[in-house]
Amino acid sequence: YLLCEKLMQRKLDAVVSPEFDEPPAVIASELLLESDIIAVAHPDHPLCSNPPDTVPELFKYPMALPITEQHYIDRIKHDFGVDVDDLPGRILFSDPSMLALIVQGSRRLFAAGPSFFFAPEIEAGSLCIVRTRVPMTHRLFLHWNRDAFPFPAVAGVTEALREVFAAAQSRYRATAND
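What comes next concerns the included structure. (Residues numbered from 1 in each chain as written. Predicted model: local features only at pLDDT ≥ 70, side-chain atom pairs only at ≥ 80, totals over all residues. Heavy atoms only, no water.)

1. Description of the overall build of the protein chain
- Helix and strand content of the protein chain: 7 helices and 7 strands.
- Going residue by residue from the N terminus, the α and β elements of the protein chain occur as α-β-β-α-α-β-α-β-α-β-α-β-β-α.
- For the C-alpha atoms alone, the extent of the protein chain along its principal axes is close to 55 × 35 × 25 Å.
- Within the protein chain, counting contacts between residues at least 6 apart in sequence, those at least 24 apart form 77% of the total.
- Summed over all atoms, the accessible surface of the protein chain reaches about 10,400 Å², with 55% contributed by carbon and sulfur.
- Charge separation in the protein chain, taken as the distance between the mean sites of 16 positive and 24 negative side-chain charges, equals 1 Å. (Helix = DSSP H or I, 4+ residues; strand = E, 2+ residues; numbered from the N terminus. Contact = heavy atoms within 4.5 Å. Areas by Shrake-Rupley, 256 points an atom, 1.4 Å probe, with all protein chains shown as cover. Lys, Arg positive; Asp, Glu negative; His and termini not counted. Charge placed at Lys NZ, Arg CZ, Asp CG, Glu CD.)

2. What to know about unusual backbone geometry
- If you check the backbone angles, Arg10 has positive phi at about 65° while not being a glycine.
- Within the secondary structure layout, Arg10 lies in the loop between α1 (2–8) and β1 (14–17).
- Residue Glu22 is not a glycine yet carries a positive backbone phi of 50°.
- Counting through the fold element by element, Glu22 comes out in the loop between β1 and β2 (27–41).
- Residue classification places Glu22 among the exposed residues on the basis of a relative accessible area of 79%. (Buried < 20%, exposed > 50% of the residue type's maximum accessible area, 1.4 Å probe, protein only.)

3. A short note on the packing of aromatic side chains
- Scanning the model with the defined rule gives 4 aromatic pairs in all.
- Relative to Phe117, the ring of Phe116 lies with its centre 5.4 Å away and its plane at 80°, an arrangement referred to as edge-to-face.
- Residues Phe117 and Phe118 carry aromatic rings whose centres are separated by 6.0 Å and whose planes lie at 70° to one another, so their mutual orientation is edge-to-face.
- By way of ring pairs, the aromatic residues Phe116, Phe117 and Phe118 are connected into one cluster. (Phe/Tyr/Trp six-rings, centres within 6.5 Å; stacked < 30°, edge-to-face > 60°.)

4. With respect to the side chain of His45
- When you line up the elements, His45 lands in the loop between β2 and α2 (46–49).
- Among the polar contacts listed, one links the side chain of His45 to the backbone nitrogen of Leu47, at a separation of 2.9 Å.
- With residues near it in sequence (within four places) discarded, His45 still touches Tyr61, Arg107, Arg108, Leu109 and Phe110. (Polar contact = N/O pair within 3.5 Å; in protein donor to acceptor, adjacent residues only side chain to side chain.)

5. Quick look at the state of the cysteines
- Counting across every chain of the model gives 1 disulfide.
- One disulfide bridge connects Cys48 with Cys128, the sulfur atoms lying 1.8 Å from each other. Taking the sign of the torsion about the S-S bond as the criterion, the disulfide between Cys48 and Cys128, at about -100°, is left-handed. With Cys48 in helix α2 and Cys128 in strand β6 (residues 128–130), this pair connects stretches of sequence that are 80 residues apart. (Disulfide = S-S within 2.5 Å.)

6. A short note on the environment of Ala100
- Position of Ala100 relative to the elements: it lies in helix α5 (residues 96–104).
- Sequence spacing of Ala100 and Phe118 is 18 residues, and the spatial spacing of their C-alpha atoms is 6.3 Å.
- Those residues in contact with Ala100 that sit more than four places away from it in its chain are Phe118, Glu121 and Leu127.

7. A short note on the nonpolar core
- One finds Leu58, Phe59, Ile76, Val84, Phe110 and Met136 to be the most contacted residues of the largest nonpolar core, which totals 20 residues.
- The set of elements that each furnish at least two residues to this core consists of β2, α3 (55–58), β3 (63–66), α4 (70–80) and β5 (110–114).
- If one sorts the elements of this core by residue count, α4 sits on top with 4 residues.
- Sequence-distant contacts of Met136, that is, excluding residues within four places in its chain, are made with Asp36, Ile37, Tyr72, Arg75, Ile76 and Phe80.
- Grouped together as the second largest cluster of nonpolar side chains are 12 residues, Val40, Leu99, Ala100 and Leu127 included. (Core = buried A, V, L, I, M, F, W, Y, C linked by side-chain atoms within 4.5 Å.)

8. As for the side chain of Gln169
- For Gln169, the position within the fold is in helix α7 (residues 152–176).
- Only 2.7 Å separates the side chain of Gln169 from the backbone nitrogen of Glu34, close enough to count as a polar contact.
- Not counting residues within four places of it along the chain, the set of residues in contact with Gln169 comprises Leu32, Leu33 and Glu34.

9. Quick word on helix α6 (residues 115–124)
- Inspection of α6 places Ser115, Phe117, Phe118 and Glu121 among the buried residues, and these make up the whole buried set. One side of α6 holds all its buried residues, which, seen down the axis, span an arc of 125°. Turned more than 90 degrees away from the buried face of α6 sit Pro120, Glu123 and Ala124, all of them exposed. (Arc of directions from axis to C-beta.)

Rendered as structure tokens:
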């Protein structure tokens, strides 16, 4: 909400963030990146050899999760009936590489997040994908105020962002199809 408000007030020129809830018509948004949410664990974790059928069953194990937008926590509660805030034994990380490092060193924890968070560790074999389908995606958008004057410097930055995220999306699709 705060970022959307700053765009409307023209205190920010552009924002890269998840989707805004019900933005006003003056705010334009463009999808930059979409990635599946996956669960991962150490290859010797029981979840890798015996994945549960449903997402709620994952939460029977201690977890390490990225610090996420509140809408993800709300969606887990709404869609799966799991109140992440009340679960014991959870660890939150703001750094995806630290999250991956902790989980690959533990045979007790699992993690969940956008697949690109864990791509290097999965490729190296130090994390395995838990084969429980997580029907969620991580989506990042470029947002801007369509009524704001298009400064050349802002246009240059937003075009560079589009190029970087297009390349990232291509890499993600290539690894997702492997």
